[in-house]
Protein chains: 2
Amino acid sequence: MTRNRPTNNGRTFAVIGAGAIGGYYGGLLARSGREVHFLLRGDYDHVRDHGLIIESVGGGFELPHVNAHRSTATMPRCDVVIVALKSVHNGILPAVLPSLLHDDSTVIIMQNGLGAEEGVAAIAGVRRVMGALCFVCSTKTGPGHIRHLDYGHVTLGEYTPATGGAGITQRLREIANDFEEVGVTMILAENLAAARWRKLVWNIPNNGLSVILDATTREVVRSDSGRSLAIGLMKEVLEGASACGYRIEQEIIPEMLKVTENMIPYHPSMKLDFDNKRPMEVEAIYGAPLRAARKAGLDLPHISMLYNQLLFLDMRNRSV
Amino acid sequence: MTRNRPTNNGRTFAVIGAGAIGGYYGGLLARSGREVHFLLRGDYDHVRDHGLIIESVGGGFELPHVNAHRSTATMPRCDVVIVALKSVHNGILPAVLPSLLHDDSTVIIMQNGLGAEEGVAAIAGVRRVMGALCFVCSTKTGPGHIRHLDYGHVTLGEYTPATGGAGITQRLREIANDFEEVGVTMILAENLAAARWRKLVWNIPNNGLSVILDATTREVVRSDSGRSLAIGLMKEVLEGASACGYRIEQEIIPEMLKVTENMIPYHPSMKLDFDNKRPMEVEAIYGAPLRAARKAGLDLPHISMLYNQLLFLDMRNRSV
């Protein structure tokens, strides 16, 4: 199982899921001539026939023909497999991943929240797993149609179960370079778990509050009450991170508030999922951090409350 | 100013506000032949022309003619003045109350939450003020039209700024007797503030969560996540009460959950206010208890979070 040994110049990509994240980043790679294979479900027919349309603040483009697959049976083993599903669908990964991997493949979990790498490591092996955090406002407006609204940089890190982080590897630099070449600003994380907790400082307040308050991120953060809620949640993310061994500086709180204030008025993906009665990523973004903190002996009451509110709404949506 | 000295058999009543509470209890008093004067605003024309209709699980009735007033100018001084406004309108009381009171009048604050008695005491004097807590599911379905759905008992207590409570007075017994005579089960509170905190054990979870989760009280308490939210909030009410000097036994929590489970699926008044874009009683039910606890040195994170969520929604509704 050592065929298709990658070279720096010819890495091949599989993208599982062509939504707001997989469609956007996979689309950028495909546009540059990289070999990119998309695994699709509901959108398969449309993307096979019409390809992808990427509207973007950075200049849009169309890809009338992409390698669209309905099943892994037609897909080659690839050098890089990007998991760009909603985390609520990670249950399909044990069936999907093995046939896409060769000995030196890397799996990149391009999802928010905590916990996905552990699950993929059990399937693919720890050494194959990376995680990516996308700081991007993008939305799938229809099958194969992505609207990129703001930002776009990605933090990439090697997975390790150790708290200390896996550091910067040669492989990490090379794959980051592939993304840089197609126009994505990349940040290399020495410690992926620490980076995931940092990302939660934004995701935990903004995803949940936009759902609960039926509001854009800007409306929330520009109101006294919404800002107070966001700050209370952010403080707890820092406490949770610290309990788990990851120190985040307090200054991130005003910085994140500033970023959100100046961002376009945005409905995070969780809000869109809720409005469209799709499952929300409640466990990855709230449940997993709460459990990690509790394991370290710390309760996070604001986050716990938001978690239960979102669970209530999610359960009701799922039972519709 | 000693005219109209009341007798046990002839107490006269003024009811400020004829909504779900004032219309129901005032209606019961009026039906029995008591002299009851209603002060109305938006519903004045309708109630003057058509009186009150009370649908009730305990047997409905109609009062085609009631003493309806648009202003205090046409109202006599009364022995008992029932404040049955939403607390958000208490700002009118300094203008309304003085002309309704004689030397021995009693003002009964028939509202949920904390803080209203202090304000009324500043207008009417501490010795004139009582508070009432209505354990009732009732709704105003239209002008002068009240639907009584479940429960109905009232806890009545003398106001005092002292933590120890004012005890049971002769006057308290007499006024309670007036209500008993028209079919209302009355509970006399030795300590009104303690009773108000006890009532908050129900109101704090149920009012806010029904708004935030867009759900009935039963849906909330019968789901795992909703129940967990309710319990977290209830525990904090007990902690806040304790910090302020009022001990509430832990057993109230399973009892209140049971009551709510077995109650009809109910939208508390705050939920109806929210849905109809009316101001919500956020300060009385959440702000005042939070401030009282904070003054005693205690933060209540779950309640604080719900408070800010409700403030956000309330501010948006008010700016519509």
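Everything discussed here concerns the structure shown above.
Participant: I'm lost on the overall build of chain A in this one. Help?
Facilitator: Counting secondary structure elements, chain A contains twelve helices and ten strands. Taken over the C-alpha trace, chain A has a radius of gyration of 19 Å; the compact-globule value for 320 residues is 20 Å, and the two agree within 12%. Overall, the C-alpha framework of chain A stretches about 55 × 40 × 35 Å when taken along its three principal axes. With 320 residues in all, chain A has 57% of them scored as buried.

Participant: Even after reading the chapter, I still don't get the packing of helix α8 (residues 224–243) of chain B against helix α12 (residues 301–318) of chain B, so can you show me in this structure?
Facilitator: A packed helix pair is summarised by two numbers, namely the angle formed by the two axes and the spacing between the axes. Residue and element names in this part refer to chain B. For the pair α8 and α12, interaxial distance at closest approach is 8 Å and the crossing angle is 115°. Considered as vectors, α8 and α12 are oriented roughly perpendicular to each other. Of the residues in α12, those touching α8 at Gly232, Leu233, Glu236 and Val237 are Pro301, His302, Ile303 and Leu306. Residue composition of the contact of α8 with α12, by class: five nonpolar, two polar and one charged.

Participant: Help me understand the interface of chain B and chain A, please; the structure alone is not making it clear to me.
Facilitator: Think of interface size as the accessible area that goes away when the parts come together; that is how it is often given. Across the boundary between the two partners, chain B contributes 23 residues, which contact 23 residues of chain A. Approximately 1,900 Å² of surface area, both sides summed, lies buried where chain B meets chain A, with 68% of it carried by carbon and sulfur atoms. Inspection of the region where chain B meets chain A yields zero salt bridges. Where chain B packs against chain A, one counts eleven residue pairs in polar contact (both at pLDDT 80 or more). Those elements that place two or more of their residues in the side of chain B that touches chain A are α6 (192–212), α7 (217–222), α8 and α12 of chain B. Here the side of chain B that touches chain A takes ten residues from α12(B), the largest share from any one element. Its residues assigned to classes, the side of chain B that touches chain A comprises 13 nonpolar, seven polar and three charged.

Participant: Looking at this structure, how should I read the packing of aromatic side chains?
Facilitator: Note on aromatic pairs: each is described by the distance of the centres and the angle between the planes. If you walk through the whole model with that rule in mind, you get four aromatic pairs over all chains. Aromatic pair A:Phe13 and A:Phe179: ring centres 6.2 Å apart, planes at 85°, arrangement edge-to-face. With A:Phe13 in strand β1 (residues 13–16) and A:Phe179 in helix α5 (residues 170–181), this pair connects stretches of sequence that are 166 residues apart. Given the relative accessible area of 0%, A:Phe13 is considered buried. The exposure class of A:Phe179 is buried, given its relative accessible area of 1%. Between the NZ or CZ atom of A:Arg31 and the centre of the ring of A:Phe61, over which it lies, the distance is 4.1 Å. Of note, B:Lys199 hangs over the ring of B:Phe135, and the distance from its end group to the ring centre comes to 4.8 Å.

Participant: Whenever I open this one, the pairing of strand β8 (residues 129–142) of chain A confuses me. Can you help?
Facilitator: Residue and element names in this part refer to chain A. With respect to burial, β8 is a largely interior element, eleven of its 14 residues being buried. With four bridges connecting them, strand β7 (residues 101–110) and β8 associate as parallel partners. The partner of Val107 across the bridge, within β8, is Val129. One ladder, built from twelve bridges, connects β8 with strand β9 (residues 145–158); its direction is antiparallel. Of the residues in β9, the one forming a bridge with Phe135 is His153. Where β8 folds back on β9, the antiparallel hairpin that results is connected by two residues, among which Gly144 adopts a positive phi of roughly 65°.

Participant: Any chance you could explain the environment of B:Ala195 here in plain terms?
Facilitator: Residues and elements named next belong to chain B. Among the structural elements, Ala195 can be located in helix α6. The buried category is assigned to Ala195, whose relative accessible area is 11%. A C-alpha to C-alpha distance of 7.7 Å links Ala195 and Thr155, two positions 40 residues apart in sequence. Residue contacts for Ala195: discarding those within four places in its chain leaves Leu133, Thr155 and Ala189.

Participant: Can you help me understand helix α1 (residues 22–31) of chain B in this one?
Facilitator: An α-helical turn contains 3.6 residues, so a residue and the one three or four places further along point in the same direction. Residues and elements named next belong to chain B. For α1, the tally of buried residues reaches eight of ten residues, placing the bulk of the element in the interior. Regarding α1, the residues found buried are Gly22, Gly23, Tyr24, Tyr25, Gly26, Gly27, Leu28 and Leu29. Gly33 lies just past α1 and shows a positive phi near 100°.

Participant: What's the story with the relation of the copies chain B and chain A in this structure? I'm lost.
Facilitator: To go from the first copy of the chain to the second, apply a rotation about an axis and then a shift along the same axis. Once chain B has been moved 0.0 Å along the axis and rotated by 180°, it coincides with chain A to within an RMSD of 0.0 Å. Both chain copies can therefore be described as sitting about a two-fold axis. Comparing contact sets, 100% of the residues at the interface of chain B also lie at the interface in chain A, consistent with an isologous, same-surface contact.

Participant: What am I meant to see in the side chain of A:Glu261 here?
Facilitator: Of note, A:Glu261 is situated in helix α9 (residues 252–262). Each residue touching A:Glu261, except ones within four places of it in the same chain, is listed here: A:Arg218, A:Val221, A:Arg222 and A:Arg227.

Participant: When you look at the side chain of A:His37 in this model, what are you seeing that I'm missing?
Facilitator: All names here are of chain A. You can see His37 is positioned in strand β2 (residues 36–39). Using a relative accessible area of 8% as the deciding quantity, one classes His37 as buried. Ignoring sequence-local partners within four residues, the contact set of His37 consists of Phe13, Ala14, Val15, Asn67, His69, Met75, Pro76 and Cys78.

Participant: What am I meant to see in α5(A) here?
Facilitator: All names here are of chain A. Given a rise of 1.5 Å per residue, twelve residues ought to cover 16 Å, and the 17 Å separating the end C-alpha atoms of α5 matches this to within 8%. Among the residues making up α5, those that are buried are Leu172, Ile175, Ala176, Asp178 and Phe179. The buried residues of α5 all sit within an arc of 145° when viewed along its axis, so they share a single face. In α5, the exposed positions that point more than 90 degrees away from the buried face belong to Gln170 and Glu181. Immediately downstream of α5, the backbone of Gly183 shows phi near 100°, a positive value.

Participant: Sorry if this is basic, but what is going on with the packing of helix α6 (residues 192–212) of chain A against α9(A) here?
Facilitator: Residue and element names in this part refer to chain A. For the pair α6 and α9, the least separation of the axes is 11 Å and the interaxial angle reads 55°. Taken together, the axes of α6 and α9 are oblique relative to one another. In the crossing of α6 with α9, the sense of the turn from one axis to the other is right-handed. Along the contact surface, α6 presents Arg198, Val201, Trp202 and Asn206, while α9 presents Ile252, Met256 and Thr260. Residue composition of the contact of α6 with α9, grouped by class: four nonpolar, two polar and one charged.

Calculation criteria
Per chain, the residues get numbers from 1 upward, laid out in the order the sequence is written. Each chain is given a letter, starting from A, and each ligand a number, starting from 1, according to the order in which they appear as written. Local features in this predicted model are restricted to residues of pLDDT 70 or higher, and side-chain atom pairs are both shown and tallied only at a pLDDT of 80 or more, whereas totals for entire chains, interfaces and linings draw on every residue. The basis for the side-chain values is all heavy atoms of the structure; hydrogens and waters are excluded. Strands here mean DSSP runs of E at least two residues long; helices mean DSSP runs of H or I at least four residues long; both are numbered from the N terminus. For the radius of gyration, the atom set is restricted to C-alpha positions; the globular benchmark scales as 2.2 Å times the number of residues to the power 0.38. Exposure categories follow from relative accessible area, calculated using a 1.4 Å probe and restricted to protein chains: below 20% of the type maximum is buried, above 50% is exposed, and the middle band is partly exposed. The convention used is that axes are lines fitted to C-alpha atoms, helices contributing only their stretch in contact, and that angles between N-to-C directions extend from 0 to 180 degrees. Angles below 35 degrees are treated as roughly parallel, those above 145 as roughly antiparallel, those between 65 and 115 as roughly perpendicular, and all remaining angles as oblique. Any two residues whose heavy atoms approach within 4.5 Å at even a single point are treated as in contact. Polar here means any residue outside two lists: the nonpolar Ala, Val, Leu, Ile, Met, Phe, Trp, Tyr, Cys and Pro, and the charged Asp, Glu, Lys and Arg; Gly therefore counts as polar. Note on definitions: buried area is the accessible-area loss of two parts on being combined, 1.4 Å probe, summed for both. The rule for a salt bridge is simple: a side-chain nitrogen of Lys or Arg has to be within 4 Å of a carboxyl oxygen of Asp or Glu. Residues adjacent in sequence count toward polar contacts only when both atoms are side-chain atoms; beyond that, a polar contact is any pair of N or O atoms within 3.5 Å, and within protein one must be able to donate a hydrogen and the other to accept it. To pair, rings of Phe, Tyr and Trp, with the six-membered ring standing in for Trp, must have centres within 6.5 Å; the planes then decide the type, stacked if under 30 degrees apart, edge-to-face if over 60, and tilted in the middle. Here, over-ring charges are defined by two tests on the NZ atom of lysine or the CZ atom of arginine: distance to the ring centre within 6 Å, and angle to the ring normal within 35 degrees. Pairing between strands requires that DSSP locate at least two bridges from one strand to the other. To superpose the copies, least squares is applied to the C-alpha atoms of every residue with a pLDDT of at least 70 in both. Under the convention used throughout, the expected extent of a helix is 1.5 Å for every residue step, that is, one less than its residue count. Arc definition: directions from the helix axis to the C-beta atoms. Each crossing gets its handedness from the near helix: less than a right angle anticlockwise from the far helix is left-handed, clockwise is right-handed.

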